[in-house]
Amino acid sequence: MNEDLKVNVSGLPRDYLDAGAAENVSAAVSSQVPVAEPEPELVVNPWDIVLCTSGTLISCENAIVVLIIFHNPSLRAPMFLLIGSLALADLMAGIGLIINFVFAYLLQSEATKLVTIGLIVASFSASVCSLLAITVDRYLSLYYALTYHSERTVTFTYVMLIMLWGTSICLGLLPVMGWNCLRDESTCSVVRPLTKNNTAILSVSFLFMFALMLQLYIQICKIVMRHAHQIALQHHFLATSHYVTTRKGVSTLAIILGTFAACWMPFTLYSLIADYTYPSIYTYATLLPATYNSIINPVIYAFRNQEIQKALCLICCGCIPSSLSQRARSPSDV
């Protein structure tokens, strides 16, 4: 009887009340269950794509040079060992750029950042040091022309290779061993996680090596001019022929040194004056030309070499063109 006396105070049908209660319960339950938010889309920086593309081109180009020198026992002279060192360093730099792209978007962690930046620093340092070693070797081959092809030169070349690779590996290990800015953002340079002091040391070292290369190439230029003049007198060449030969040698040296400076100088100077607060676009814009140096190096130092051209022709077509077999080396081929 008490049940019959209960009043529906809301004035609504009981069926409507039951449906509303069910909706309230479902709303309360849904509010307690976390809703899975859609994952943000992966946005790739176009500059990173360009750097990765450059790394791929660098790797392909220099891998050819490394394979040619490695598979040809005749290419074991000091000059080819240094060219092989340059190609190997640039090959590692290209691989480092590719790995950096993969780790930056697929496997992000502090360890991968340190390993990647260490590889890039070590490889580019070895590349620049190899360029300096090649310059030293060219100077010695002209200044000590009579004693250059001796065991002492080979030993000196191996010593240079050990020193340049040892120094480069040590520079690459610095970020991994703790000299980085992952714990202190204020000490970061334009290339994170390198510290400002780290990039300053690398930049000053580059400027020192560039000054040394410039001095050596000036001396090489003087020797080339003197040799060209002596050859012209011995063979009774005309003054015009002597001028053309000398100008070609000087132009070659100017292209080599000018290309090196144009590629590396912008980033070197920028990393000295800038820090992590500067817009990243400036870092990309100055770093990209530096990577182009590793693309140009095989063209300047390897593919222009007559012996490497012969080896490449043997691999590609199984023959040596008559233009290469009959070509004589001139003083301008420096």
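All values reported here derive from a predicted model rather than from experimental measurement. (Residues numbered from 1 in each chain as written. Predicted model: local features only at pLDDT ≥ 70, side-chain atom pairs only at ≥ 80, totals over all residues. Heavy atoms only, no water.)

Colleague: How should the pattern of salt bridges be read in this particular structure?
Modeller: Side chains carrying opposite charge are able to pair once their charged atoms draw close together. Scanning the entire structure with this criterion turns up 3 salt bridges. Among the ionic pairs, Glu307 bridges to Lys310, the shortest N-O distance being 4.0 Å. Residue Glu307 and its partner Lys310 are both found in helix α10 (residues 306–317); the two are separated by 3 residues, about one turn of the helix. Assessed through its relative accessible area of 18%, Lys310 is described here as buried. (Salt bridge = Lys/Arg side-chain N within 4 Å of Asp/Glu carboxyl O. Helix = DSSP H or I, 4+ residues; strand = E, 2+ residues; numbered from the N terminus. Buried < 20%, exposed > 50% of the residue type's maximum accessible area, 1.4 Å probe, protein only.)

Colleague: Where do I start with a nonpolar patch on the surface in this structure?
Modeller: Among the surface-exposed residues, Ile169, Leu173, Val176 and Met177 lie close enough to one another that they form a single nonpolar patch of about 390 Å² accessible area. The topology assignment puts Leu173 in helix α6 (residues 151–176). (Patch = residues over 30% accessible without salt bridge, like charges linked within 9 Å, V, L, I, M, F, W, Y side chains within 5 Å. Areas by Shrake-Rupley, 256 points an atom, 1.4 Å probe, with all protein chains shown as cover.)

Colleague: What is the right way to read unusual backbone geometry from this model?
Modeller: As a rule of thumb, non-glycine residues mostly have phi less than zero, and peptide bonds are mostly trans rather than cis. At the junction of Arg192 and Pro193, the peptide bond is cis and its omega measures out at 15 degrees in the coordinates. Considering the arrangement of structural elements, one finds Pro193 in the loop between α6 and α7 (196–234).

Colleague: What is the right way to look at the UniProt feature "transmembrane region" (unreviewed entry) in the protein in this model?
Modeller: Sites flagged by UniProt as "transmembrane region" (unreviewed entry) map to residues 47–70, 82–108, 114–136, 156–179, 199–218, 250–269 and 281–303. End-to-end, the C-alpha atoms of residues 199–218 are 28 Å apart, and along that stretch the chain is 100% helix and 0% strand. (UniProt positions renumbered as here; feature names shortened; annotations may be inferred.)

Colleague: How should the packing of aromatic side chains be read in this particular structure?
Modeller: Pairs of aromatic rings are described using the distance from one ring centre to the other and the angle between the two planes. Taken as a whole and judged by the stated rule, the model has 11 aromatic pairs. Summarising the aromatic geometry, the rings of Tyr270 and Tyr278 are spaced 6.1 Å apart at their centres and angled 85 degrees between planes, so their arrangement reads as edge-to-face. Tyr270 sits in the buried class, given a relative accessible area of 10%. Ring-pair connections join several aromatic residues into one group, and the members of that group are Phe124, Phe206, Phe210, Phe260 and Trp264. (Phe/Tyr/Trp six-rings, centres within 6.5 Å; stacked < 30°, edge-to-face > 60°.)

Colleague: I'm lost on α6 in this one. Help?
Modeller: Structurally, the α-helix is built with 3.6 residues per turn, so residues lying three or four positions apart point the same way. With 26 residues, α6 extends 38 Å between its outermost C-alpha atoms, agreeing within 8% with the 38 Å of an ideal straight helix rising 1.5 Å per residue. Along α6, the residues that are buried comprise Thr153, Thr157, Met160, Leu161, Leu164, Trp165, Ser168, Gly172 and Pro175. Following α6 by one or two positions, Gly178 has its phi on the positive side, about 125 degrees. (Expected span 1.5 Å × (residues − 1).)

Colleague: Sorry, what's going on with helix α5 (residues 110–143) here?
Modeller: Counted at 1.5 Å a residue, the expected span for α5 with its 34 residues is 50 Å, and the 49 Å between its end C-alpha atoms agrees. Along α5, 25 of the 34 residues are buried, which leaves the element largely enclosed by surrounding structure.

Colleague: Help me out: how do you make sense of the packing of helix α4 (residues 78–106) against α5 in this one?
Modeller: α5 packs onto α4 with a crossing angle of 160 degrees between their chain directions and a minimal axis gap of 8 Å. Between α4 and α5, the angle falls in the class roughly antiparallel. The interaxial crossing formed by α4 with α5 has left-handed handedness. Of the residues in the contact of α4 with α5, the class split is 18 nonpolar, 8 polar and 2 charged. (Axes fitted to C-alpha atoms, helices over the stretch in contact; angles between N-to-C directions. Parallel < 35°, antiparallel > 145°, perpendicular 65-115°, else oblique. Left-handed = near helix turned anticlockwise from the far one by under 90°. Nonpolar A, V, L, I, M, F, W, Y, C, P; charged D, E, K, R; others polar.)

Colleague: Looking at this model, I keep getting lost on the nonpolar core. Mind explaining?
Modeller: Burial of nonpolar side chains together is a common tendency in soluble globular proteins. Within the largest apolar cluster, 62 residues are counted, with the highest numbers of intra-cluster contacts made by Tyr217, Phe260, Trp264 and Tyr301. Elements with a minimum of two residues in this core: α3 (46–70), α4, α5, α6, α7, α8 (239–273), α9 (280–302) and α10. Counting residues per element, this core draws most heavily on α5, at 13 residues. In contact with Tyr217, other than residues within four places in its own chain, are Thr135, Arg138, Leu253, Ile256, Leu257 and Tyr301. (Core = buried A, V, L, I, M, F, W, Y, C linked by side-chain atoms within 4.5 Å. Contact = heavy atoms within 4.5 Å.)

Colleague: How do you make sense of the confidence of the model for the protein when you look at a structure like this?
Modeller: A low pLDDT score tells you not to read the predicted coordinates there in detail. Across the protein, the average pLDDT comes to 81, with 76% of residues at 70 or higher. When mean pLDDT is taken per element in the protein, α3 scores highest with 94 and helix α1 (residues 2–5) scores lowest with 44. Counted against residues more than four places away or in other chains, residues 1–19, with its pLDDT under 50, gives 5 contacts. Confidence drops under pLDDT 50 across residues 25–31; counting only partners more than four residues distant or on other chains, this segment forms 0 contacts. (pLDDT = per-residue confidence, 0-100.)

Colleague: Any chance you could explain the packing of α5 against α9 here in plain terms?
Modeller: Two quantities define a packed helix pair, namely the angle between the axes and the distance from one axis to the other. Following both chains from N to C, one finds α5 and α9 inclined at 35 degrees, their axes separated by 11 Å at the closest point. Of the two elements, α5 crosses α9, and the hand of that crossing is left-handed. When α5 is examined against α9, the residues Phe124, Ser127, Leu131, Ile134 and Arg138 are found in contact with a partner set consisting of Ala290, Thr291, Asn293, Ser294, Asn297 and Tyr301. Here the residues of the contact of α5 with α9 are counted per class, giving 5 nonpolar, 5 polar and 1 charged.

Colleague: I would appreciate a short explanation of the environment of Arg138 in the present structure.
Modeller: With respect to the helices and strands, Arg138 occurs in helix α5. Overall, Arg138 belongs to the buried group, its relative accessible area being 15%. Once the C-alpha coordinates of Arg138 and Met79 are considered, the two residues, 59 residues apart in sequence, prove to be 8.0 Å apart.

Colleague: For this particular structure, what's the right way to read the side chain of Thr291?
Modeller: Relative to the helices and strands, Thr291 is located in helix α9. A polar atom in the side chain of Thr291 sits 2.5 Å from the backbone oxygen of Leu288. For Thr291, the residues in contact, after removing those within four places along its chain, are Leu51, Ser54, Ile58, Leu97 and Phe124. (Polar contact = N/O pair within 3.5 Å; in protein donor to acceptor, adjacent residues only side chain to side chain.)

Colleague: Teacher, can you tell me more about the environment of Thr167 here?
Modeller: With respect to the element layout, Thr167 can be found in helix α6. Spatially, the C-alpha atoms of Thr167 and Ala122 are 8.4 Å apart, while their sequence positions differ by 45 residues. Here Met163 takes part through its backbone oxygen, which lies 2.8 Å from a polar atom of the side chain of Thr167.

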